[in-house]
Protein chains: 2
Amino acid sequence: MTTTENLLQTLQTEIEQTSYGESPAELYEPIRYIMALGGKRFRPLLTLLAASLYTDDWKNALKPAIAVEVFHNFTLMHDDIMDKAPLRRGKPTVHEKWNSNTAILSGDVMLIRAYDFLIDIKKEDLRNVLLRFNQTAAEVCEGQQLDMNFETRWDVTEDEYLNMIRLKTSVLLGFALELGGIIGGADSEATKLLYEAGESMGIGFQLKDDLLDVYGDPEKFGKLVGGDIIANKKTFLLIEALTKAEGKTGQELNDWISAETFDKEEKVAAVRGIYDTLGIRALTEQKISDYFAKGIDCLERLSVDPERKKSLLQFVHQLVEREQ
Amino acid sequence: MTTTENLLQTLQTEIEQTSYGESPAELYEPIRYIMALGGKRFRPLLTLLAASLYTDDWKNALKPAIAVEVFHNFTLMHDDIMDKAPLRRGKPTVHEKWNSNTAILSGDVMLIRAYDFLIDIKKEDLRNVLLRFNQTAAEVCEGQQLDMNFETRWDVTEDEYLNMIRLKTSVLLGFALELGGIIGGADSEATKLLYEAGESMGIGFQLKDDLLDVYGDPEKFGKLVGGDIIANKKTFLLIEALTKAEGKTGQELNDWISAETFDKEEKVAAVRGIYDTLGIRALTEQKISDYFAKGIDCLERLSVDPERKKSLLQFVHQLVEREQ
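The name recorded for chain A in an unreviewed UniProt entry is Polyprenyl synthetase family protein, from Dyadobacter frigoris. Its UniProt record, at the heading Sequence similarities (unreviewed entry), says of chain A: "Belongs to the FPP/GGPP synthase family." What UniProt states about chain A under its Cofactor (unreviewed entry) heading is, verbatim, "Mg(2+)".

**Q** Hey, could you run me through the domain arrangement of chain A in this one?
**A** Think of interface size as the accessible area that goes away when the parts come together; that is how it is often given. Residue and element names in this part refer to chain A. Partitioning chain A into domains gives domain 1 (15-186) and domain 2 (188-324). Between the C-alpha centres of domain 1 and domain 2 there is a distance of 21 Å. Across the boundary between the two partners, domain 1 contributes 37 residues, which contact 36 residues of domain 2. Both faces combined, the contact of domain 1 with domain 2 buries some 3,000 Å², and carbon together with sulfur accounts for 70% of it. Interface area lost by domain 1 to domain 2 is led by Leu-53, Trp-154 and Tyr-161, which between them contribute 23%. At the boundary of domain 1 with domain 2, the tally comes to four salt bridges. Note that Lys-287 is salt-bridged to Glu-158, the shortest N-O span being 3.0 Å. At the level of elements, helix 3 (42-54), helix 7 (123-151) and helix 8 (158-184) are the ones that each hand at least two residues to the side of domain 1 that touches domain 2. At 15 residues, helix 8 tops the list of elements feeding residues into the side of domain 1 that touches domain 2.

**Q** What should I look at first to understand helix 15 (residues 306-321) of chain A in this one?
**A** Note on helix geometry: an α-helix contains 3.6 residues per turn, so any two residues three or four positions apart are oriented the same way. Residues and elements named next belong to chain A. Helix length check: helix 15 (16 residues) gives 22 Å between terminal C-alpha atoms against 22 Å at 1.5 Å per residue, within 8%. At Leu-312, helix 15 shows its largest kink, close to 30 degrees. Looking at the packing, one finds that the buried side of helix 15 touches helix 1 (4-17), helix 3, helix 8, helix 9 (188-215) and helix 14 (280-300).

**Q** What should I look at first to understand the packing of helix 3 of chain A against helix 8 of chain A in this one?
**A** The description of two helices packed together rests on the angle between their axes and the distance between the axes. Residue and element names in this part refer to chain A. Interaxial distance between helix 3 and helix 8 falls to 7 Å at its minimum, and their mutual angle equals 35 degrees. Classified by chirality, the crossing of helix 8 by helix 3 is right-handed. Contacts between helix 3 and helix 8 pair Phe-42, Arg-43, Leu-46, Thr-47, Ala-50, Ala-51 and Tyr-54 from the former with Leu-172, Leu-173, Ala-176, Leu-177, Leu-179, Gly-180, Gly-181 and Gly-184 from the latter. Across the contact of helix 3 with helix 8, the residue classes tally to 10 nonpolar, four polar and one charged.

**Q** For this particular structure, what's the right way to read the relation of the copies chain B and chain A?
**A** Two copies of the chain are present, and they differ by a rotation about an axis and a shift along that axis. Note on the identical chains: chain B maps onto chain A by a rotation of 180 degrees and an axial translation of 0.0 Å, with an RMSD of 0.0 Å. The operation mapping one copy onto its partner corresponds to a two-fold rotation axis.

Cut-offs used in this document
- Residues numbered from 1 in each chain as written.
- Chains lettered and ligands numbered in written order.
- Predicted model: local features only at pLDDT ≥ 70, side-chain atom pairs only at ≥ 80, totals over all residues.
- Heavy atoms only, no water.
- UniProt positions renumbered as here; feature names shortened; annotations may be inferred.
- Domains from an automatic or database assignment.
- Contact = heavy atoms within 4.5 Å.
- Buried area = accessible area lost by both parts, 1.4 Å probe.
- Salt bridge = Lys/Arg side-chain N within 4 Å of Asp/Glu carboxyl O.
- Helix = DSSP H or I, 4+ residues; strand = E, 2+ residues; numbered from the N terminus.
- Expected span 1.5 Å × (residues − 1).
- Bend = angle between axes of the 7 residues up to and from the residue.
- Axes fitted to C-alpha atoms, helices over the stretch in contact; angles between N-to-C directions.
- Left-handed = near helix turned anticlockwise from the far one by under 90°.
- Nonpolar A, V, L, I, M, F, W, Y, C, P; charged D, E, K, R; others polar.
- Least-squares fit on C-alpha atoms with pLDDT ≥ 70 in both.

See below:
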C-alpha cells in the first residue's frame, strides 16, 4: 500500500521536474517561481488519493494531478493582480516581483499548460474530463467575480457567501477527487460521490480558513491572525455577525468597520469579542463540522474496500483538524 | 458548392447565437461585448474553407472554428490591457469600459470557453487537436511577450521581428487552416501543408498591416494612417529603416524617433519620406509577396480537386489585395 507521504513525495519531485517552457524567459520564469513557492499541494494529492482507491497504477494520475495544481496556481497569479496582493506564501507576488503584464501573460500560459498536462489520460476519458474541467474552471472564475462583487456590498447573505466559496474553492476540490476516480476507473456513480465529497469538504475547508483567521494560534497559523478583520473582509464570520448583531453590539461592529484609523490589535480583539458575544465561533465550527461530515459520508458510501479508503480518510481528518 | 459568402453568413449567425454563460453578468457581458464588436472573422473562415476542401459537411467545423475566434478575441482582450489600448474597432476596450480586473477575468473565461467549443469534434481527433491548439496558444503568448520586450529594445533584427509576428499572428492562422483540414479528414501531410500555408500567409498578412499603416489609403484603411510612425512602433518598416539608414538620413530618423514634441502629420510625412528614400516600401511589398506566394504554393500542392480549392484561393487573393 502506498502511503500519503509517498504520494506527496512523488508529486513534489514531479512538480520540481516539470518544464513549462523556456523562451522568452520573461514568460516562463514567473511560472517556475510561483510553482516553487510551495503550498500544501493538497489538490493534486486528492487526485492521487482518489485514483489509489481504485488502482495501484496511481502514477497514471500524476500528470493530470499536476494539471490541477498548475490551474490552481494560475488562479492565484491572476487573483493576486486583481486583489493587489503584495505577498503570496511570504514572498512577493508575481505582479510585484515583475509587473502586472507579466502576471497576466504568464498566467495565461499556465492555464494553457494545465490543459497540456490534463490530456495525458486514456482516450476514452478525455472528452468527459475536459468537459468537467472546463465547467470547473469557469466556475472558479465565477467565484472570483462574485468575491470581487461582494467587496462593495454589505447585504451579502449566508447563502450567497456559501455559493461564492463553493465556486471559488470547492468545485476544484470536487474535480480533483473526481478526476482521480475517473483515471482510476471508478464508475459514474462513484465519480459523482467523489465530486460531492470534495465540493462539500471544500466549503468546510474555506470556512475553517475564515475561522482560523480569527481564532487561529498565531504560533501555528501561517498568516497574520486577524488579517480579515483588519481588512473588513466579508468572511462567513463577519456576514453572520452582521446578520445577528443588534442594538449596541450592532453599532459597535459598524463603528469598527467604518473606522478609518484604528489600532490593529485593538480592532481584532474588539471584533473577536463581538463574535464571541454572538456565538459566531460555535456556529462556524458547527457549519465546518457539518460540511466535512457530509463529505466524509460521501466517501464512506463509495463501494471500495475499507482498507483502500484509509489513506484518503486519514488525510481528510488532517484537513478537519488543521491549525494552519 | 458552398460560397465563402455562405460560410461567413453561417459563421456570423452562429457567433451571434453562441452563449458563453450568464451569471455573474459582470463576467459574461464583456465577452458578449467583444465578440459583438465584429472584425473580419477570417480565422474561423479559414477553418471552414479548409474543411470545405475535404468535405461537404463543413458544418462539423463550425464550433471548432468559433473556438479559434473566441481564442483570438481572448488574446485581444488581454493584449489591450497590456498595451493600455483605449479603443478596439472604434469602441472602448473592455478594460476601459469596465476595468482591468474584469478584462483579466472575462478573458480567462474566454480561454476556457475556447476549449469548450474546440472539443466538439470526433473522438479520434481530439487529442491531436488539443496538443496542436495548446502549442499554438502558448506560442501566441510567447509572441505577445516578445512584442512587449521589443518595445524597450532598439537592436531588434529582421529575423527577430519576423519570428515575433510568426508567433503572435501567424501560428494561429496556420492552426485555423490545419484544424479545418483535420476535421475535414485530410491526411497528416495535407494538414502540415495547410499549417505551413497559414503560417506563411500570416506573416505576409502582418507585414501588409505594417505597410498599410504607412502607405494605406486614409479613405479605406480602418485605422489612422501613420499611427505606428507616431508611436515609434517597431514595425518591419522601421526595423529595416533603422538598419539601412546611414549618415544624414540616419540622423534624421533618430531625431524623429527621439522627438518628444512634434506635429503628427509632419512626423508621418517625414518618416514616410525616409522610408521612400531607403526603398523600404518596395522591400516590404516584395517580402509580403514572397510570404503569400509561399503560402499559396503550399495550398496548390494539396491533392485536392482544383474546383474545391477555388473558394479558399479566391479568399487568399482578397487577403493579398486588401487595403484595410
